[in-house]
Amino acid sequence: MSRHARWLIVLVALFAAMFVAIACGDDDDEDKTPSGGLSGKLEIFSWWTTGGEAAGLQKLYELYPNQCGGTVNIVNSTVAGGGGAQARQVLTTRMLGNDPPGSFQVHMGHELIDSWVTTNYMEPLDSLFKEQGWNDVFPKGVLDIVSYQGKPYAVPVNIHRANVLWYNKAVFTANGLQPPKTLDDFFKVADALKAKGITPLALGDVDSFASIQLMETVLLGKLGATAYNGLWTGATDWKAANVTDALNAFKKTLDYVNSDHSSLSWDQANDLVISGKAAMTIMGDWLEGDMKAKNFTNYGWLPSPGTEGVYDALSDTFGLPKNAPNKAAVLCWLKVVGSKAGQEAFNPLKGSICARTDCNPSLFDAYLQSAMTDWKANTIVPSLAHGAAVKPGWLTEISDAVTAFVANKDAATLQNRLAAACKTAGVCK
Amino acid sequence: MNSSGHRLARRLTSERAVAIALIVPSAVAVAVFVYGFIAWSAVVSVSEWDTVRPDYTYVGLDNFRDLFNNFRFQIDIRNTVVFTVLFVGACLGIGFALASLLDRHVRGEGLFRSIYLFPMAVSFIVTGVVWRWLLAPRAGVNILPEKVGAGSIDYGWYTDPTVLYVHADTRLGEALHSVGLGFLANPNYGVPLAITSVVIAATWQMSGFVMVMYLAGLRAIPDELRDAARVDGASEAQILRHISVPLLRPVTLSAMIILGHQSLKIFDLVISMTRRGPGFATDVPGLFMYETTFQGNHFSHGAAVSILMLLAVSVLVIPYLFWSLRREARL
């Protein structure tokens with residue numbers, strides 16, 4: 001054999017060895033729980049990468065050693081992208097490959113239950129809830145949404161509100177208008193603004209959730225909490241006349257939005273409000289963080305038209321996957337997330353309120369204080385656009401129908417498609 | 001057999017052994033990670049897997065039937081056809097025009113060649129982000145005339161939801177109906193205006209590549225042929241029409257295949273530039289596959305879309321491979 005050939009064979013052997021090393025490596029340093037306390041790695045998976053979200057998450061990490069002791073090394077595993085679409089894709093791949101992170105962020109409601117609980121990927125947390133007394137500090141509405149067959153499966157860390165109307169105070173004062181409380185008022189005000197060349201409602205739906213969320217707030221405003229909830233359980237008929245009315249109101253609302261909405265994100269739409277080119281926008285209360293980050297203070301808020309007394313809620317939760325590495329450390333992470341100290345540290349930074357009802361209001365700003373008052377007094381309903389109301393498969397069909405509708409404004413087709421989607425999802429007969 | 005021949009034979013076998021040893025790792029990797037996964041996708045595409053938990057119950061072609069009844073997928077097929085025709089046509093046209101201009105041995109040819117080819121070095125993601133800003137209605141080219149005091153353009157580009165199609169109540173629509181083609185009077189057989197923005201970006205990126213292919217093709221045409229035609233009194237246009245274009249046919253075919261398979265499976269440009277677009281005006285099967293699989297957990301539907309995309313590309317590529325292998329064998 002020539003010298004060349006021998007070298008080549010050595011090379012091939014080296015490559016083969018590398019393959020084996022890659023395939024078999026990466027299996028050490030898990031599940032080390034010596035008697036002296038918690039140690040090893042704890043991987044927390046989320047899509048919190050920027051601004052207050054990342055800062056709040058960091059606070060929780062700082063609390064961890066205080067509450068749990070030990071020498072746990074927290075690995076902050078994030079996938080950027082608003083709303084978590086990219087993160088969910090990575091998470092799905094890992095869960096299917098039996099490589100779950102210690103704990104992961106997931107929206108409360110059907111996104112949690114139908115993706116991970118009914119499919120048997122999660123551990124129930126009933127004993128943890130009992131031990132920590134959480135059944136008394138979380139509202140019953142929230143406990144119901146995170147539970148499946150009577151057992152809770154995730155710890156809610158925060159509550160966001162989806163049905164908020166944000167407005168530029170200066171625009172309203174300059175034009176002698178009052179911010180609208182009902183949909184009828186909204187249309188009147190919007191006509192007046194339009195006549196003056198101001199975009200009444202800013203919308204940025206390059207991420208389709210923004211238009212779905214707008215539809216959900218209009219449905220809520222027109223139908224009320226009970227009939228709105230019925231849409232997701234089959235109790236409200238999608239083909240009923242009141243749904244037709246509500247969808248027509250949604251259609252009319254779209255007459256008042258900026259024409260370039262499909263090229264903007266929700267925060268770019270907020271720029272229109274800040275600059276006074278637009279008067280209002282309907283967006284969840286994470287928008288307040290955007291206002292603050294852009295040093296804009298002259299804003300006001302109301303429940304979105306017709307939804308006073310109703311809290312359209314979404315929440316981020318953390319759970320315990322089956323086969324999670326370093327389970328003891330994960331359980332303590334869940335204790336931190338659900339604790340009063342943890343929620344009081346996280347939420348003022350994130351711009352959301354505590355899921356617990358016993359947080360100290362003085363730690364929060366004026367908007368959040370008003371939201372805390374509403375949270376205790378209002379009827380709580382699950383948000384559609386953010387995975388609380390329906391399972392992911394149903395939501396993508398609704399999203400497709402709404403995307404088509406926003407362009408062609410054909411309300412009858414929208415209603416038929418929404419009714420069909422409910423059937424496909426197995427909820428409507 | 002004499003001793004030197006024997007040694008040669010031994011050397012050949014040992015070289016062969018090395019060659020095989022070198023090929024085996026990549027062959028195994030390709031077999032598993034390409035063909036194995038294609039086969040697995042095919043299995044998933046005829047299964048019932050509709051939540052996160054895998055479910056391989058066989059359901060036949062149900063998923064494909066669902067897809068063809070899905071309004072979004074119908075729009076995606078339309079968009080793919082429109083995009084492919086416009087993109088391939090524009091790239092061939094512009095690429096050929098640039099090549100014939102450069103073929104005149106202009107000064108600084110190398111510089112121009114690099115300038116035109118350069119966009120190809122950029123990834124589609126970058127192209128998408130740049131053109132998203134350039135064509136945004138309140139920025140970029142729309143406000144360019146404003147900067148020189150010529151008023152602004154008010155065109156929506158990729159935010160324009162208009163779909164050009166034959167309306168059923170027009171004379172043309174009625175004429176179509178009378179010959180039994182009434183189904184064509186439907187937005188699903190139309191041209192969405194927004195997709196032209198994506199075509200512009202893709203053409204910007206790929207036409208330089210077509211130019212280089214054509215330039216090489218033009219340079220390969222012997223000058224004698226053209227000189228002979230000139231002696232016979234042919235005009236430059238006639239030379240182009242009757243000599244260059246026919247002799248460039250293999251280049252055109254190769255370029256069409258390369259561009260065509262790219263446009264059938266395009267994803268990165270669209271997701272970074274326009275995503276679904278207004279009313280799915282710029283939606284493509286790749287995007288639909290990604291969303292239905294990873295946001296909707298409809299794994300079997302996603303697999304079915306990817307199998308259909310594979311079939312579409314195969315229809316284009318496989319005959320081409322046969323054709324080029326036959327040509328190679330002949331040469």
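Calculation criteria
- Note on numbering: residues in each chain are counted from 1, in written sequence order.
- Chain A is the first chain written and ligand 1 is the first ligand written, with later ones labelled in order.
- In keeping with the model being predicted, local features are shown solely for residues with a pLDDT of at least 70 and side-chain atom pairs are shown and tallied solely at 80 or more, while totals for entire chains, interfaces and linings include all residues.
- The side-chain quantities take in all heavy atoms of the structure and omit both hydrogens and water.
- The helix count covers DSSP runs of H or I at least four residues long, the strand count covers runs of E at least two residues long, and both are numbered beginning at the N terminus.
- Atoms considered for the radius of gyration are the C-alpha atoms alone. The globule rule reads 2.2 Å times the number of residues to the power 0.38.
- Partly exposed describes any residue whose relative accessible area lies between the buried limit of under 20% and the exposed limit of over 50%, with all areas from a 1.4 Å probe on protein chains only and scaled to the type maximum.
- Here, residues are in contact when the closest pair of their heavy atoms is within 4.5 Å.
- The protein chains shown are the only cover counted for residues, whose accessible areas, like all others here, come from Shrake-Rupley with a 1.4 Å probe.
- Counting rule applied: Lys, Arg positive; Asp, Glu negative; His and chain ends not counted.
- Working definition for charges: the position is that of NZ of Lys, CZ of Arg, CG of Asp or CD of Glu.
- The nonpolar core is taken to be a set of buried Ala, Val, Leu, Ile, Met, Phe, Trp, Tyr and Cys residues, with the residues joined through side-chain atoms within 4.5 Å.
- Note that the domain bounds reflect an automated or database-derived domain assignment.
- When two parts are brought into contact, each loses some accessible area as probed by a 1.4 Å sphere; the total of that loss over both is the buried area.
- Should a side-chain nitrogen of Lys or Arg be within 4 Å of a carboxyl oxygen of Asp or Glu, the pair is scored as a salt bridge.
- Within 3.5 Å is the distance limit for a polar contact, defined as a pair of N or O atoms, with the added protein rule that one can donate a hydrogen and the other accept it, and that residues adjacent in sequence qualify only through two side-chain atoms.
- Only Asp, Glu, Lys and Arg are considered charged in this grouping, and only Ala, Val, Leu, Ile, Met, Phe, Trp, Tyr, Cys and Pro are considered nonpolar; every other residue, Gly among them, is considered polar.
- For two strands to be treated as a pair, DSSP must find at least two bridges joining them.
- Here, axes are lines fitted to C-alpha atoms. For helices the fit covers the stretch in contact, and angles between N-to-C directions go from 0 to 180 degrees.

Enquirer: Sorry, what's going on with the overall build of chain B here?
Expert: Within chain B, the regular secondary structure consists of 14 helices and two strands. Its C-alpha radius of gyration of 25 Å places chain B more than 25% over the 20 Å reference for a compact globule of 331 residues. Dimensions of chain B, computed from the C-alpha atoms along their principal axes, are close to 85 × 70 × 50 Å. Here chain B, with 331 residues, has 39% of them falling under the buried criterion. Intrachain contacts of chain B at a sequence separation of at least 6 include 70% that bridge at least 24 residues. When the accessible area of chain B is evaluated, it comes to approximately 18400 Å², of which 67% is carbon and sulfur surface. Distance between charge centres in chain B, computed from 26 positive and 23 negative side chains, equals 9 Å.

Enquirer: What should I look at first to understand the nonpolar core in this one?
Expert: Within soluble globular proteins, side chains that are nonpolar generally end up buried alongside one another. Residues and elements named next belong to chain A. Y64, M215, W232, W238, M280, W333 and L384 are the most contacted members of the largest nonpolar core, which has 120 residues in total. By residue number, the principal contributor to this core is helix α10 (residues 209-233), which donates 14 residues. Each of domain 1 (41-158 + 316-377) and domain 2 (161-313 + 382-424) accounts for three or more of the residues forming this core. The residues contacting W238, other than those within four sequence positions of it, are L231, W232, V243, W394, Q415, L418, A419, C422 and C428.

Enquirer: Sorry if this is basic, but what is going on with the interface of chain B and chain A here?
Expert: It is common to report an interface's size as the accessible area lost on association of the parts. Between chain B and chain A, the contact holds 32 residues from the first and 36 residues from the second. When chain B packs against chain A, the two sides together hide about 3000 Å² of surface, and 61% of this comes from carbon and sulfur. Three residues, V52(B), R53(B) and R138(B), lead the burial of chain B against chain A; their summed loss comes to 19% of the area buried on that side. Our count for the chain B to chain A interface comes out at four salt bridges. D207(A) is the partner of R275(B) in a salt bridge, and the nearest nitrogen-oxygen pair spans 2.5 Å. Where chain B meets chain A, there are eleven residue pairs in polar contact (both at pLDDT 80 or more). For the side of chain B that touches chain A, the secondary-structure elements that each account for two or more residues are α1 (3-45), α3 (71-102) and α13 (285-294) of chain B. Classifying every residue of the side of chain B that touches chain A gives 17 nonpolar, eight polar and seven charged.

Enquirer: Just checking my understanding: could you explain the sheet that holds strand β13 (residues 316-319) of chain A for this structure?
Expert: What links the strands of a sheet is backbone hydrogen bonding, and the strands pair in either a parallel or an antiparallel sense. Residues and elements named next belong to chain A. Spatial ordering of the open sheet is given by β2-β1-β3-β13-β6, a layout of five strands whose pairing is mixed. With partners counted over all chains shown, the strands left at the sheet margins are β2 (73-78) and β6 (154-156), one partner each. Within the sheet, the average angular offset between the axes of one strand and its neighbour, ignoring direction, is 25°. Across the face of the sheet, helix α2 (residues 51-68) comes into contact with β1 (41-46) and β2 while running at roughly 165° to β2.

Enquirer: Where do I start with the pairing of strand β11 (residues 299-303) of chain A in this structure?
Expert: Remark: a regular strand shows side chains that alternate across the two faces of the sheet. Residue and element names in this part refer to chain A. Taken across its five residues, β11 has four buried, putting it largely inside the fold. Two strands pair when backbone bridges link them, and strand β8 (residues 164-168) and β11 are joined in this way by five bridges, in the antiparallel orientation. Residue pairing across strands places W166 opposite W301, the latter belonging to β11.

Enquirer: In this structure, what is going on with the domain arrangement of chain A? I would like to understand it.
Expert: All names here are of chain A. Domains assigned within chain A are domain 1 (41-158 + 316-377) and domain 2 (161-313 + 382-424). Summarising the inter-unit geometry, the C-alpha centres of domain 1 and domain 2 are found 27 Å apart. Contact with domain 1, which involves 17 residues of that partner, is made by 16 residues of domain 2. Around 1400 Å² of area is buried between domain 1 and domain 2 when both sides are counted, 58% of it from carbon and sulfur atoms. Inspection of the domain 1/domain 2 interface yields two salt bridges. The residue R161 makes a salt bridge to D374 at a minimum N-O spacing of 2.9 Å. The tally of links between domain 1 and domain 2 comes to nine residue pairs in polar contact (both at pLDDT 80 or more). Examining the composition of the side of domain 1 that touches domain 2, we find that seven residues originate from one element, helix α16 (residues 366-377), more than from any other. Here the side of domain 1 that touches domain 2 is composed, by residue class, of seven nonpolar, six polar and four charged.

Enquirer: What should I look at first to understand the pattern of salt bridges in this one?
Expert: Where side chains of opposite charge bring their charged atoms close, a pairing between them can arise. All names here are of chain A. Inspection of the entire model under this criterion finds 26 salt bridges over all chains. Between E344 and K340 there is a salt bridge, with its nearest N and O atoms 3.3 Å apart. Here E344 and its partner K340 are both found in helix α15 (residues 340-350), four residues apart, which amounts to about one turn of the helix. Judged by its relative accessible area of 35%, K340 is partly exposed.

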